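# Coordinates in review
Here's the letter readout for the chains.
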Amino acid sequence: MSAGVEIIGPFLGLALIGASVLTRFGRIGALLGAGLGLALGFIPLNATDTLASMLLAVLGPASASFYTLCVLAALRFTGFADVRGTALFAGIVVAFAAGLYPSAMGFAGADVYAHGFSGILLPALMVGIVALAVLLQATALAIWFGFTALVIGFRLHPSLNTWDALIDVPSVVIALGVLIASLVARLTPKRS
Amino acid sequence: MAAAGLVARLTTPLQRLSGVRRFTLATGVLALVAILANQPLVDRWPATFGPPEAASVVSSPGRFEERIVDGPRGGHTHAPAAVSLGGGRLFVVWWSGRVEAGPGVSLYASTFENGAWSPRRLIIDPRRVAADLGRSIKTIGNPSLVRHGDGRIEMIFVTVSLGGWSGAALNRTVSTDEGQSWSRITRLWTSPVLNLSTLAKSPPIPLGDGTLMLPTYHELVALRSEMTRIDAQGRVIDRRRLSNTVAALQPDVTILSPGAGAGPSSAVAFHRPTARTPNVLVNRTDDAGRTWTPLAATSLVTPDSAVASVELGPDDLLIAYNPGSGLRNALVLARSRDGGQTWRDIHRVVDDQTPDPRLVAYPWMFRSGDGLIHLFYAADSYATIRHVMFDQAWIEARP
């Protein structure tokens, strides 16, 4: 796994931020913002680091969740309708994090992260989520499944642990924001 | 015809699915296939340890020698890790820099041959790591070394990109020329939380299938000892957290000889405790590290300091530790003849009782194929790396 492939994540993240800042100016603004975001990634911070390499050093390579969020955001910024199942996808990512991260930091009886190396727990969980996604026609989850296959199949993440292919910390933070925004939108329906 | 009928029967329900559902099912099946290819459904931790180093113990009348490997120097010199190169030669690596965890801290090495340590040489600095990994590196920390049967030296070492030790990650490199040059450095992925806060301090243990069991520890928020399994390509393929409730770190594993209650896959791990619970902790495995007993306290009290251990014989263990609960002003060898139940101090390697004592810490101890026991440690308030070697006869002569 070369750092060249891993560096895709920080550049995509910067493009996403750029697009979100300029999306108020329509599709052209979003595209311009994404381009500016990409350009920011090349800014040198010192003799050896660019902004993108520093972000990679701190945040690590992207997971399938991150790529999915980028696609969902790109569709939204370019004027397409919200993708069905986005809130459910965000909820699953946040739920995974709630189950995984406290244990990873030593605050639970079981080592949940170890279940990403071997065992039936995580595959069984994913079978259930696939069934739920088919039942609810959750396109956002379908995109996530596709990226999961790509991340694992093409080793886009250096970790052999399945959890790392599925979620990462920046994605969880964004997914939490998506989930909260979705809940707020449901609780405060627009009236004509 | 029958096959065509079967295919039709199987695909008819799929054809009834909407386009979105078919797409979701297709990507879902792809993801499941990838996941099942990625992780085995059954635990594949090997049942045995790797073959022990061929020993040709030379009986001697009692030998104890002490040497300075490097120093004293200004700044901070710490955390030696060493292996035997065979034929009485040794190789040691440590980190040194202006301040602990400061910019520019690098790994240095020295080789012992013909009865003397070579001048130190720089082997890896943060620039080299940053170039190999393609990511920012601020500082370098503890190395851990193992020499394989084919002569390769595998080194796993700590780096930090941002913050202090809780922001650490592990890296791996290999030397095929006895430490003169090192392969491209790769990152070990050990934690889902930004890959933060996994460190190592003690020797890796070869397992029966050629993989390594690296004693590691996690120190982001909670202190937890772990065993991380690494394959021949340097990828993390499994791990065992030794306790999710007891604070412990820097585990040091000693494989036990069969007999006297120990099986062919038995080992003990001694753990650095915290200042609040100052007794050295211990637990045991009888299946080569797959499962471990709960952590228990030994009678050894140490001031939040690392320990190192070797086996002298069945149920006969030797440990190097900092005694007491105050400063790290002494380093003691203690022996247990009952498998670690009770301990007796047999030699004070360092004992500085002056009002402003020079501190000593981070023992690394192993037994080479010629039967000599080698103890390395940071001394003189972390300005010097020292090496002590002694044999079984010297130990037996201790009162």
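Below, the structure is looked at part by part. This is a predicted model, so every value here is computed, not measured.

It is worth spelling out the sheet that holds strand β24 (residues 361–367) of chain B at this point. Note: strands within a sheet are paired through backbone hydrogen bonds, in either parallel or antiparallel orientation. Residues and elements named next belong to chain B. Within the open sheet, the four strands sit side by side as β1-β26-β25-β24. Their pairing is antiparallel. Two strands bound the open sheet, and with one partner strand each, they are β1 (64–70) and β24. Neighbour-to-neighbour, the strand axes of the sheet open up by a mean angle of 20°, direction not taken into account.

What follows deals with the packing of aromatic side chains. Throughout the structure, instances matching the rule amount to 16 aromatic pairs over all chains. Through a chain of ring-to-ring contacts, the aromatic side chains of A:F89, A:F96, A:W144, A:F145 and A:W163 assemble into a single cluster. Seen from the ring of B:Y108, B:R120 lies directly overhead, with NZ or CZ sitting 3.8 Å from the centre.

Turning our eyes to something else, we now look at the sheet that holds strand β22 (residues 330–336) of chain B. All names here are of chain B. Here four strands make up an open sheet; going across it, the order is β20-β21-β22-β23 and the pairing antiparallel. Two strands in the sheet have a free side with no partner beyond their single neighbour: β20 (308–313) and β23 (344–351). With strand direction ignored, the average angle separating the axes of adjacent strands in the sheet is 20°. Relative to β22, strand β21 (residues 316–321) is paired through five bridges, and the arrangement is antiparallel. Within β22, the residue paired with Y321 across the bridge is V332.

Attention shifts here to the pairing of strand β25 (residues 373–379) of chain B. Residue and element names in this part refer to chain B. Within β25, seven of the seven residues are buried, leaving the element largely enclosed by the surrounding structure. Both faces of β25 are covered, namely the face carrying I373, L375, Y377 and A379 and the face carrying H374, F376 and A378. Relative to β25, β24 runs antiparallel, the two sharing five bridges. Counted as the bridge partner of F366 is H374 from β25.

With that out of the way, let us pick up the side chain of B:R328. Residues and elements named next belong to chain B. Mapped onto the elements of the fold, R328 is located in the loop between β21 and β22. Lacking a salt bridge, the buried R328 has D304 as its closest oppositely charged neighbour, with an N-O distance of 5.4 Å. Reaching out from R328, the side chain makes a polar contact with the side chain of Y382 at a distance of 3.2 Å. When near neighbours in sequence (up to four residues on either side) are disregarded, R328 contacts R272, P303, D304, S305, N322, R358, L359, V360, A361 and Y382.

This next bit is on the interface of chain B and chain A. Contacts between the two partners involve 45 residues from chain B, matched on the other side by 59 residues from chain A. Note on chain B versus chain A: buried area summed over both sides is about 4400 Å², and carbon and sulfur give 65% of it. The three residues of chain B that bury the most area against chain A are B:N38, B:W189 and B:P192, which together make up 15% of that side's buried surface. Taken together, chain B and chain A are joined by one salt bridge. Residue assignment for the side of chain B that touches chain A shows that the elements contributing at least two residues are α2 (19–38), α3 (126–133) and β15 (236–241) of chain B. Of the residues forming the side of chain B that touches chain A, the biggest block, 14 residues, is contributed by α2(B). A breakdown of the residues in the side of chain B that touches chain A according to their chemical character gives 23 nonpolar, 13 polar and nine charged.

Quick look at the environment of B:S175 now. All names here are of chain B. Here S175 is to be found in strand β9 (residues 168–175). Along the chain, S175 and P206 lie 31 residues apart, while their C-alpha atoms are 17 Å from each other. In contact with S175, other than residues within four places in its own chain, are G151, R152, I153, Q180, S181 and W182. In this structure the side chain of S175 is engaged in a polar contact, spanning 2.8 Å, whose partner is the side chain of D177.

Residues and elements named next belong to chain A. Tracing the chain through its elements places I92 in helix α6 (residues 86–104). Here I92 falls in the buried class, since its relative accessible area comes to 10%. Considering only alpha carbons, one finds I92 and I129, 37 residues apart in sequence, at a separation of 8.6 Å. I92 has contacts with I129, L141 and W144, leaving out every residue within four places of it along the chain.

For the rest of this paragraph, the subject is the nonpolar core. In this structure, A:W144 and B:I124 are the most contacted members of the largest nonpolar core, which totals 119 residues. Per-element accounting of this core gives the leading share, 10 residues, to α6(A). Not counting residues up to four positions away in its chain, the partners in contact with A:W144 are A:A64, A:S65, A:T68, A:F89, A:I92, A:F96, A:M126, A:I129 and A:L166. If you look at the next biggest cluster of nonpolar residues, it comprises 20 residues, including B:A308, B:V350, B:V360 and B:W394.

Thresholds, definitions, all that
- Residues numbered from 1 in each chain as written.
- Chains lettered and ligands numbered in written order.
- Predicted model: local features only at pLDDT ≥ 70, side-chain atom pairs only at ≥ 80, totals over all residues.
- Heavy atoms only, no water.
- Pairing = 2+ DSSP bridges.
- Helix = DSSP H or I, 4+ residues; strand = E, 2+ residues; numbered from the N terminus.
- Axes fitted to C-alpha atoms, helices over the stretch in contact; angles between N-to-C directions.
- Phe/Tyr/Trp six-rings, centres within 6.5 Å; stacked < 30°, edge-to-face > 60°.
- Lys NZ or Arg CZ within 6 Å of the ring centre and 35° of its normal.
- Buried < 20%, exposed > 50% of the residue type's maximum accessible area, 1.4 Å probe, protein only.
- Lys, Arg positive; Asp, Glu negative; His and termini not counted.
- Salt bridge = Lys/Arg side-chain N within 4 Å of Asp/Glu carboxyl O.
- Polar contact = N/O pair within 3.5 Å; in protein donor to acceptor, adjacent residues only side chain to side chain.
- Contact = heavy atoms within 4.5 Å.
- Buried area = accessible area lost by both parts, 1.4 Å probe.
- Nonpolar A, V, L, I, M, F, W, Y, C, P; charged D, E, K, R; others polar.
- Core = buried A, V, L, I, M, F, W, Y, C linked by side-chain atoms within 4.5 Å.

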